[in-house]
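# An overview of the molecular structure
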Amino acid sequence: MSNPIVNNLQQIQKTIPSHVRLIAVTKTVSVEMMKAVYEVGVRDFAENKLQEAINKQNELRDFSDICWHFIGHLQTNKAKKAVESFLWIHSVDSLKLAQKLDFFSQQALKDGIITTLPQVCLQVKILPDQNKYGWNIDHLYQDLSSLQKLTFLHFRGLMTILPLGLTSAEVFSAFQEVTNLALHLRQDNYFSSDFDQLSMGMSGDYLLAMEAGATMIRLGTIIFGDR
Ligand SMILES: *Cc1c(COP(=O)(O)O)cnc(C)c1O
């Protein structure tokens, strides 16, 4: 019995080089479908709403090698739950949120609720856009020294979501700017040498993102169909 979504996924997997991590974005996707893609090797799942994610985590608790990623905007009052439920948080988009996550990470480590530091990406916006979350470059530089003080987060790289309506050339050059920004931050020793992750690329632009250096691509629609 072949599941069309699984076939689809296997076609996509063939186009992705091994150094790029395919993260299945499963917002609104059923737990049954998640199990089906798990069966063919997917271990990285991303959600953008905390409660939906926690419900699915409960249903999938026997699948203990799933790596959960949070990719949505987080209100600071949900920082504690996010730290306790996700190894990866891609969408750290303000100093205030980072500080809350750091605080609750310290607590959760002390209480034994988590055993490794949360792996976080800083969400940046290279182009001004209606997507109001994330740092622009100037503001990120202003916050760097404060971010560096947060020792209970493991800063792993940058994440970006591009505005709609760009040409391919504009998409590629925006992704390249994010790649270069991460490189500069690493070279200037703002973060450790494993500040090497670029979470960029969705169904519509992941090929360009990979060309520009993405290490993590977040795919929903192209695997599961329209939401
Ligand atoms: C929904 C979502 C995705 C996946 O988008 P598709 O276009 O369905 O692949 C990726 N990243 C974030 C932050 C999302 O919210």
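The paragraphs below set out a description of the structure included in this document. Because the structure is predicted, anything quoted here is derived from the model rather than measured. (Residues numbered from 1 in each chain as written. Predicted model: local features only at pLDDT ≥ 70, side-chain atom pairs only at ≥ 80, totals over all residues. Heavy atoms only, no water.)

### Section: the packing of aromatic side chains
The geometry of two aromatic rings is summed up by the distance between their centres and the angle between their planes. The tally for this structure, following the rule as stated, stands at seven aromatic pairs. When the ring of phenylalanine 70 is compared with that of phenylalanine 86, the centres are 5.1 Å apart and the planes differ by 65 degrees; the resulting orientation is edge-to-face. Linking phenylalanine 70 in strand β3 (residues 67-70) with phenylalanine 86 in the loop between α4 (79-85) and β4 (88-92), this pair joins segments that are 16 residues apart in sequence. Assigned by exposure class, phenylalanine 70 and phenylalanine 86 land together as buried. An angle of 15 degrees between the planes, with centres 4.4 Å apart, marks the rings of phenylalanine 191 and phenylalanine 195 as stacked. On the basis of relative accessibility, which here comes to 9%, the residue phenylalanine 191 falls in the buried class. Judged by relative accessible area, which is 0%, phenylalanine 195 ranks as buried. Stacked on the ring of tyrosine 38, the Lys or Arg arginine 43 has its end atom at 3.6 Å from the ring centre. (Phe/Tyr/Trp six-rings, centres within 6.5 Å; stacked < 30°, edge-to-face > 60°. Helix = DSSP H or I, 4+ residues; strand = E, 2+ residues; numbered from the N terminus. Buried < 20%, exposed > 50% of the residue type's maximum accessible area, 1.4 Å probe, protein only. Lys NZ or Arg CZ within 6 Å of the ring centre and 35° of its normal.)

### What about the pairing of strand β5 (residues 119-124)?
With respect to burial, β5 is a largely interior element, six of its six residues being buried. Here β4 pairs with β5 via three bridges, running parallel. Among the inter-strand pairings, valine 92 is bridged to a residue of β5, identified as leucine 122. At this point the chain moves from β4, through helix α5 (residues 95-110), to the parallel β5, and the crossover so formed is right-handed. (Pairing = 2+ DSSP bridges. Right-handed = clockwise from strand over helix to strand, strands pointing away.)

### Let's talk about the site of the ligand
Taken together, Val25, Lys27, Ile71, Ile161, Met202, Ser203, Arg218, Leu219, Gly220, Thr221 and Arg227 make up the full set of residues near the ligand. Take arginine 218: an N or O atom from its side chain is 2.9 Å from a nitrogen atom of the ligand. Threonine 221 places a polar side-chain atom, nitrogen or oxygen, 2.5 Å from an oxygen atom of the ligand. Protein coverage of the free-state accessible area of the ligand, which is 390 Å², stands at 89%. For the ligand, the cavity whose grid points lie within 2 Å of the majority of its atoms is the largest pocket. (Near = heavy atom within 4 Å. Polar contact = N/O pair within 3.5 Å; in protein donor to acceptor, adjacent residues only side chain to side chain. Areas by Shrake-Rupley, 256 points an atom, 1.4 Å probe, with all protein chains shown as cover. 1 Å grid on protein atoms, 1.4 Å probe; cavity = no way out; pocket = protein on both sides within 12 Å on 5 of 7 lines; lining within 4 Å. Sits in = over half its atoms within 2 Å of the grid points.)

### With respect to the state of the cysteines
The final tally for this structure, using the stated rule, is zero disulfides. Cysteine 67 takes part in no disulfide bond, and the closest cysteine sulfur to it belongs to cysteine 121, at a distance of 11 Å. A relative accessible area of 0% means that cysteine 121 is categorised as buried. (Disulfide = S-S within 2.5 Å.)

### Looking at helix α3 (residues 50-59)
Looking at α3, one finds that the buried residues are Leu50, Ala53, Ile54, Lys56 and Gln57. Angularly, the buried residues of α3 cover 165 degrees about the axis, an arc narrow enough to put them on a single face. Each element contacted by the buried residues of α3 is listed here: α2 (31-39), β2 (44-47), β3 and α4. (Arc of directions from axis to C-beta. Contact = heavy atoms within 4.5 Å.)

### Thoughts on the nonpolar core
Grouped together as the largest cluster of nonpolar side chains are 72 residues, with contacts concentrated most on Leu101, Leu122, Leu147 and Leu158. Those residues within four positions of leucine 101 in sequence are excluded, and the remaining contacts are Leu74, Ala79, Ala82, Val83, Ile89, Val92 and Leu153. Residues Val25, Ala46, Cys67 and Cys121 belong to the second largest nonpolar core, which totals nine residues. (Core = buried A, V, L, I, M, F, W, Y, C linked by side-chain atoms within 4.5 Å.)

### With respect to the layout of surface pockets
Within this model, the largest pocket holds a volume of roughly 690 Å³. If you trace the largest pocket, you find 30 residues lining it, with Ile161, Leu162, Leu164, Met202 and Arg218 closest to the centre. Split by residue class, the lining of the largest pocket holds 12 nonpolar, 12 polar and six charged. Its volume calculated, the second largest pocket comes out at about 180 Å³. Along its surface, the second largest pocket is lined by 14 residues, and Glu84, Ser85, Phe86, Leu87 and Ile114 are the ones closest to its centre. Going through the elements one at a time, β3 and α4 are the ones with two or more residues in the lining of the second largest pocket. The residue makeup of the lining of the second largest pocket, split by class, is nine nonpolar, four polar and one charged. (Points joined across faces, edges and corners; volume = space filled by probe spheres on them. Nonpolar A, V, L, I, M, F, W, Y, C, P; charged D, E, K, R; others polar.)

### Examining the packing of helix α6 (residues 137-148) against helix α7 (residues 168-187)
Where α6 meets α7, the closest approach of the two axes is 13 Å, and the angle between their N-to-C directions is 20 degrees. Classified by the angle their axes make, α6 and α7 are roughly parallel. Considering the relative orientation of α6 and α7, their crossing is right-handed. Residues Ile137, Leu140, Tyr141 and Leu144 of α6 lie in contact with α7, whose contacting residues are Glu177, Leu181, His184 and Leu185. (Axes fitted to C-alpha atoms, helices over the stretch in contact; angles between N-to-C directions. Parallel < 35°, antiparallel > 145°, perpendicular 65-115°, else oblique. Left-handed = near helix turned anticlockwise from the far one by under 90°.)

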